[in-house]
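Residue strings, one per chain:
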Amino acid sequence: MAPGAVLPRLLGAGEGPGVARAAGAPPGRGGGRGRALSPRDAGPACSPPLRPDLSARILSEPLKHADFFNVKELFSVRSLFNARVHLGHKAGCRHRFMEPYIFGSRLGQDIIDLEQTATHLQLALNFTAHVAFRGGIILFVSRARQFSHLIESTAWSCGEYAHTRYFKGGLLTNAPLLLGPRVRLPDLVIFLHTLNNVFEPHVAVRDAAKMNIPTVGIVDTNCNPCLITYPVPGNDDSPPAVQLFCQLFHTVVTRAKEKRRQLEALHRLQGAPGPHPADPTAPGAPSPGAQAGLGVDHSP
Amino acid sequence: MAGSRLETVGSIFTRTRDLIRAGVLKEKPLWFDIYNAFPPLREPVFRRPRLRYGKAKSPTQDIFYHEDQIRAVQQLFFTPFLATIYNWRFSLWCSVFSRKFYSAYGSGPKAFELFNPNFKSTCQRFVEKYIELQKLGETDEEKLFVEAGKALLVEGVILRRVEKARTQQEGSQVPQKSESMGVESQTALEENPPLNEVPQAQHLEAPGEELKGLSPP
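Residues numbered from 1 in each chain as written. Chains lettered and ligands numbered in written order. Predicted model: local features only at pLDDT ≥ 70, side-chain atom pairs only at ≥ 80, totals over all residues. Heavy atoms only, no water.

Broken down by element type, chain A carries seven helices and eight strands. Taking all 300 residues of chain A together, 55% fall into the buried category. A fraction of 67% describes how many contacts in chain A between residues 6 or more apart in sequence connect residues 24 or more apart. Accessible surface for chain A amounts to roughly 12,900 Å². Of this, 58% is attributable to carbon and sulfur atoms. (Helix = DSSP H or I, 4+ residues; strand = E, 2+ residues; numbered from the N terminus. Buried < 20%, exposed > 50% of the residue type's maximum accessible area, 1.4 Å probe, protein only. Contact = heavy atoms within 4.5 Å. Areas by Shrake-Rupley, 256 points an atom, 1.4 Å probe, with all protein chains shown as cover.)

Before going further, it helps to examine the interface of chain B and chain A. A common way to state how big an interface is: give the accessible area lost once the parts meet. Listed by partner, the interface residues are 41 residues for chain B and 46 residues for chain A. With both sides pooled, the region where chain B packs onto chain A buries about 3,600 Å², and carbon together with sulfur makes up 61% of that total. Contact with chain A buries area across many residues of chain B, yet Arg 5, Leu 30 and Phe 38 of chain B alone supply 20% of it, more than any other trio. Along the contact surface separating chain B from chain A lie four salt bridges. Salt-bridge contacts for Lys 210 of chain A lead to Glu 7 of chain B; the nearest nitrogen and oxygen are separated by 3.0 Å. The interface formed by chain B and chain A includes 17 residue pairs in polar contact (both at pLDDT 80 or more). Taken together, the elements giving at least two residues each to the side of chain B that touches chain A come down to helix 1 (12–22), helix 2 (32–37) and helix 3 (67–71) of chain B. Taken together, the residues that form the side of chain B that touches chain A break down as 22 nonpolar, six polar and 13 charged. (Buried area = accessible area lost by both parts, 1.4 Å probe. Salt bridge = Lys/Arg side-chain N within 4 Å of Asp/Glu carboxyl O. Polar contact = N/O pair within 3.5 Å; in protein donor to acceptor, adjacent residues only side chain to side chain. Nonpolar A, V, L, I, M, F, W, Y, C, P; charged D, E, K, R; others polar.)

Let us look at the sheet that holds strand 7 (residues 215–219) of chain A. All names here are of chain A. Strand order in the open sheet formed by five strands is 5-4-6-7-8, and the pairing between neighbours is parallel. Two strands close off the open sheet at either side, each with one partner strand: strand 5 (161–163) and strand 8 (230–233). Each adjacent strand pair in this sheet contributes to an overall mean axis angle of 20°, direction not counted. Bridging between strand 6 (residues 188–191) and strand 7 involves three bridges; their strand directions are parallel. Bridging across to strand 7, Val 189 finds its partner in Thr 215. Along the sheet, helix 3 (residues 114–133) makes contact with strand 4 (138–141), strand 6, strand 7 and strand 8, crossing strand 8 at roughly 140°. (Pairing = 2+ DSSP bridges. Axes fitted to C-alpha atoms, helices over the stretch in contact; angles between N-to-C directions.)

Okay, the packing of aromatic side chains next. By the definition in use, this model includes 17 aromatic pairs over all chains. Summarising the aromatic geometry, the rings of Phe 13 of chain B and Tyr 35 of chain B are spaced 4.5 Å apart at their centres and angled 10° between planes, so their arrangement reads as stacked. Residue Phe 13 of chain B is located in helix 1, and its partner Tyr 35 of chain B is located in helix 2; the two are separated by 22 residues in the primary sequence. The pair Phe 13 of chain B / Tyr 35 of chain B is uniform in exposure class, with both members buried. Among the aromatic residues, those joined into a cluster by ring pairs are Phe 127 and Tyr 230 of chain A together with Phe 13, Trp 31, Phe 32 and Tyr 35 of chain B. Across from the ring centre of Phe 133 of chain A, 5.4 Å away, lies the NZ or CZ of Arg 260 of chain A, which sits over that ring. (Phe/Tyr/Trp six-rings, centres within 6.5 Å; stacked < 30°, edge-to-face > 60°. Lys NZ or Arg CZ within 6 Å of the ring centre and 35° of its normal.)

A few words on helix 4 (residues 148–157) of chain A. An α-helical segment advances 3.6 residues per turn. Residues three or four places apart therefore align on the same side. Residues and elements named next belong to chain A. All buried positions along helix 4 are accounted for by Ser 148, Ile 151, Glu 152, Thr 154 and Ala 155. Buried residues of helix 4, viewed axially, fall in a sector of 160°; they line one side. Tucked inside the fold, the buried residues of helix 4 contact strand 4, strand 5 and helix 7 (239–270). Count one or two residues on from helix 4 and you reach Gly 159, which has phi positive near 80°. (Arc of directions from axis to C-beta.)

This next bit is on the packing of helix 4 of chain A against helix 7 of chain A. Residue and element names in this part refer to chain A. For the pair helix 4 and helix 7, interaxial distance at closest approach is 10 Å and the crossing angle is 10°. Comparing the axis directions of helix 4 and helix 7 gives the class roughly parallel. Contacts from Leu 150, Ile 151, Thr 154 and Ser 157 in helix 4 reach Val 242, Gln 243, Cys 246 and His 250 in helix 7. Along the lines of polarity and charge, the residues of the contact of helix 4 with helix 7 split into four nonpolar, four polar and no charged. (Parallel < 35°, antiparallel > 145°, perpendicular 65-115°, else oblique.)

No statement about biological role is implied by the geometric values presented.
So, in structure tokens, the structure goes:
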């Protein structure tokens, strides 16, 4: 598991860059072992690497701001309410460790406290953005068949990975055997559904904790939030809620990658140390420091 | 690359930090600095879910509004199972009032449109009228109930009393149908003989409810 490889090889590379697919192919194709190159490989690896001090500066800059990627503006308590994120399961299904996050119980149905959800969601989105900014591999995991297509297409469109099929034991803990030697494991696992189809905690929650991989997870009132690094208490059963979360993660990851490309381009142009940090609130706006930057072309 | 697979011992952060400090893990993982800068609200330490024993109850509270007293929870605590969910004091108090919207009129003439976020059901309009009249100074609940119903009638909403079709003696029962009030107050308690078996209901029937003297079949 050498992380120094320039081209991360998450799965066996047997096909060209045009045939990129989300990881975790259906079981008919050899038991969950997909063969695909990631969409990320056909991207910015073409440009020459930056000088180490500049790249260190790029990496350290976002950590100094409280909300570098401005994730707060992407949602509000009202938008969470409209997407029915506050609806939990019945009181009998309640997990003991979810009680701090529950506002109350209305006629037997648990209502999740959206103020707390907003805080947790902001932390989770911020963490995701920073991981994406640093070029981390993100894996979306869910075992809900109703949303499996949505999650796979979200992951595909933001250039990350998804695993919404049967999770083979040892996929994370025994990766060299199952996926091939020198495989880079994900740097972040995002759970849209923490439970599997028999209402038990998904194996990947425990496995990610074992492999010291941070996790972000949407925890409903019947889930165990203990092992999840950044839990987000919320509804994981209603389509509007899951669509909202998918859209939020997608926006955040795309925004972070775009920001990274901009900052790298900026530093490359300026060459010398001491660049102006790009305006954190407008990732799409042209940065003030670029002088000869009219011909800058961002690689897609 | 070294690592620690003890997910039940500390959090991923504490384990990684200690491995780095000990010099076993040579490289900082990608997420380490981010976690350091933005730690979660609760450290993700493993906890074993334990059952609650004895009289320990979960601290989650029921959510009730003042309007619920008008809407009426009365029919619900007839089933002993559901009665346990409610705070028993509230349901006791609630049952003292015979005039409740849902027990008298069912869910109302208009179907509930759940896709519309600003939907106002008949019950909600009734409740709003009731509160308006209450603010004007009226205190007697029965009168308020009647007046609110009349106000709705003026607006064109016709409220039909619910036929209690559960018992065999339905045919011999005093007619309750027809539009609106002005009809004798009949509690839902009277209509269902099985209710008499519920001790709570029985206890509450006593204080001044006018029984129609129905004999069980």
